[in-house]
Amino acid sequence: MEERKKENRHVIVLPYPSQGHLNPLLQFAKCLAHKGLKVTLATTHYTVDSICAANVGVEPISDGFDQGGYAQSGNVEAFLNSFKANGSRTLSELVKKFQDTNDPVCCIVYDSFFPWALDVAKQHGIYGAAFFTNSVTVCSIYCHIHYGLIKLPVKLEDTPLLLRGQRSLNLCDLPTFLTSPESDTAYLAMKRNQFSNLTEADCIFVNSFEELEREEAKGISDLWPAKLIGPMVPSAYLDGRIIGDTVYGSSLWKPLSEECKEWVDKKQPGSVAYVSFGSMVSLTQKQMEEIAWGLKAIGFRFLWVVRESERAKLPDGFMESTKEQGLIVSWCNQLEILAHPAIGCFVTHCGWNSTLEGVCLGVPMVGMPQWSDQITNAKFVEEIWGVGVWGKEDDGVVKKEEVMRCLKEVMEGERSDEIKKNAVKWRELAIKAVSQGGSSDKFINEFLQLLEQ
Ligand code: UDP
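Okay, so let's go over this structure. Values in this document were obtained by computation on a predicted structure and should not be read as measured data.

**Brief notes about the packing of aromatic side chains**
One pass over the full model with this rule turns up 26 aromatic pairs. With a centroid separation of 5.4 Å and an interplanar angle of 75°, the aromatic rings of Y16 and F113 are classed as edge-to-face. Taken together, the residues Y16 in the loop between β1 (10-14) and α2 (19-34) and F113 in the loop between β4 (105-111) and α5 (116-123) connect sequence positions 97 residues apart. With a relative accessible area of 9%, Y16 lands in the buried category. With a relative accessible area of 5%, F113 lands in the buried category. One residue, K267, lies across the ring of W263, its end atom 4.3 Å from the ring centre. When the ring centre of W390 is taken as reference, the NZ or CZ atom of K392 above it lies at 4.3 Å.

Now the structure itself:
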């Protein structure tokens, strides 16, 4: 059995089934496959058909809502409870299915949102490795909470927070759950739960890279010894090492690639603002209007992703009156757009994947964070990495004038050149990290060595 394990190293990768988690975990699966492992991505029945990646097998497991996934469950708590019960059982069955083949599973790499997957790994006597999809900074904040080093809610008099390895954090820099834990108790519980059995994990991964967050990782390494293996972005956008790796390979919506490409191809280099709030954020009608009128008034060309479910919030007549100036699509291949020379800036909600993608493609950003970790990411974009600006709210909304100020600043303002220079610098460092011998590459190789033991 031991011998067989060594010859056929087979890893199951288990993502949380949302776009922002499928992307980095599938990318990690592809990296492991590229390094010679057999890899199977286990995902829900509802998302299994959305996955397509060469060299990575895909197998369904059940979250208990096989027809409609999260939307069918009604709320986070019901979804997570059902996923734990049904997912543990069906993940275990999947491990068993491979037991007597030539490729028995030797490790489960699980999304840190699913600590129960580590129990499944341990029941089968195989390795379990947690994969965190937030920044090191944000993971470290939740780790501090887990060890009682931050008490919730964080109040003004507790700030600035001076945490291990961290920059000083003001109240306005913190993930929303810290200041108002009651705003989403189920989601906060899930974040805290990531650490519940983590000391038993054989390995911890985080989708970041040393050059980006070295001090933050070092400061918490005794409590959270994570390997920084990112950025998990298709190889074609970084060092090109995995031939043909041009897309993540998981799309829950159909990207309007042709339409977008045709439109941006006709635009001048650096002239277009690409605007997207990711897969989950739902803006208020007021916020949507302020962005719309800000874009129109500043006059730059724009490509705006407005998901179908958000479209009714666009102001009346806006699409018609900006026909010449902008294109609105329901979904796009974000990486393809960010890599296009016409794109001059990225107006983003600062979801961690979008932030990393902006960094990887060297695109200056305008951060308009809405909740959770996005706030902290926006601070880093502006203050720490200097790759963009953070659009500030006034009365709970980023007003039209602020949208205009930020766009102008990044596209052609006084700081524009410096921001662009920093963006290029961070892109180069991201490429270096994932290239052969780079910090992320070394950490992945260490994991392969562990699997050989
Ligand atoms: N994305 C995309 N097309 C779009 C908008 C977003 O492919 O039109 C992708 C984007 O590249 C990123 C993911 O969706 O990888 C969103 O993840 P992120 O963490 O930024 O935000 P979330 O959706 O989790 O809030």
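**Thoughts on the site of the ligand**
Taken together, 19 residues lie around the ligand, and S279, C332, N353, S354 and E357 are the ones closest in. Between the ligand and the protein, one listed contact pairs an oxygen atom with a side-chain N or O atom of S279 at 2.5 Å. A distance of 2.6 Å separates a nitrogen atom of the ligand from a polar atom in the backbone of C332. Contact with the protein chains covers 92% of the free accessible surface of the ligand, which is 540 Å². At the level of elements, α2, β8 (272-276) and α14 (352-361) are the ones that each hand at least two residues to the shell around the ligand. Broken down by element, the residue count for the shell around the ligand peaks at four residues, all from α14.

**Focus on the pairing of strand β9 (residues 301-305)**
Taking burial as the measure, the five residues of β9 include four buried ones, the bulk of the element. Regarding the hand of the β-α-β motif, the stretch spanning β8, helix α11 (residues 285-298) and β9 is right-handed. Judged from the four bridges that link them, β9 and strand β10 (residues 326-329) form a sheet pairing that is parallel. The partner of V305 across the bridge, within β10, is V329.

**Some words on the state of the cysteines**
Scanning the entire structure with this criterion turns up zero disulfides. With no disulfide of its own, C106 lies closest to C107 among cysteine sulfurs, the gap being 6.0 Å. Classification of C106 by relative accessible area gives buried; the value is 4%. Looking at C332, it has no disulfide partner, and the nearest cysteine sulfur is the one in C260, 5.1 Å off. Residue classification places C332 among the buried positions, given a relative accessible area of 6%.

Parameters at a glance
- Once a new chain begins, its residue numbering starts again from 1 and follows that chain's sequence as written.
- Given that the model is predicted, a residue must reach a pLDDT of at least 70 before its local features are reported, and side-chain atom pairs must reach 80 or more before they are shown or counted; all residues, however, enter totals for whole chains, interfaces and linings.
- Only heavy atoms go into the side-chain values, all of them from the structure, while hydrogens and water stay out.
- Between rings of Phe, Tyr and Trp, where Trp is taken as its six-membered ring, a pair exists when centres lie within 6.5 Å; planes separated by under 30 degrees are stacked, by over 60 edge-to-face, and by other angles tilted.
- The way it works is that DSSP assigns letters per residue, a run of H or I at least four long becomes a helix, a run of E at least two long becomes a strand, and they are numbered from the N terminus.
- Exposed residues in this analysis have more than 50% of their type's maximum accessible area, buried residues have under 20%, and partly exposed residues fall in between, with area computed by a 1.4 Å probe over protein chains only.
- Criterion for a charge above a ring: Lys NZ or Arg CZ within 6 Å of the ring centre, and within 35 degrees of the ring normal.
- Here a residue counts as near a molecule or strand whenever at least one of its heavy atoms sits within 4 Å of it.
- Residues adjacent in sequence count toward polar contacts only when both atoms are side-chain atoms; beyond that, a polar contact is any pair of N or O atoms within 3.5 Å, and within protein one must be able to donate a hydrogen and the other to accept it.
- Residue burial considers only the protein chains on display, and all accessible areas are found by Shrake-Rupley using a 1.4 Å probe.
- Here, the term right-handed applies to a crossover whose path from the first strand over the helix to the second runs clockwise when the strands point away from the viewer.
- Two strands pair under a simple rule: DSSP has to find at least two bridges between them.
- The criterion for a disulfide is a pair of cysteine sulfur atoms lying within 2.5 Å.

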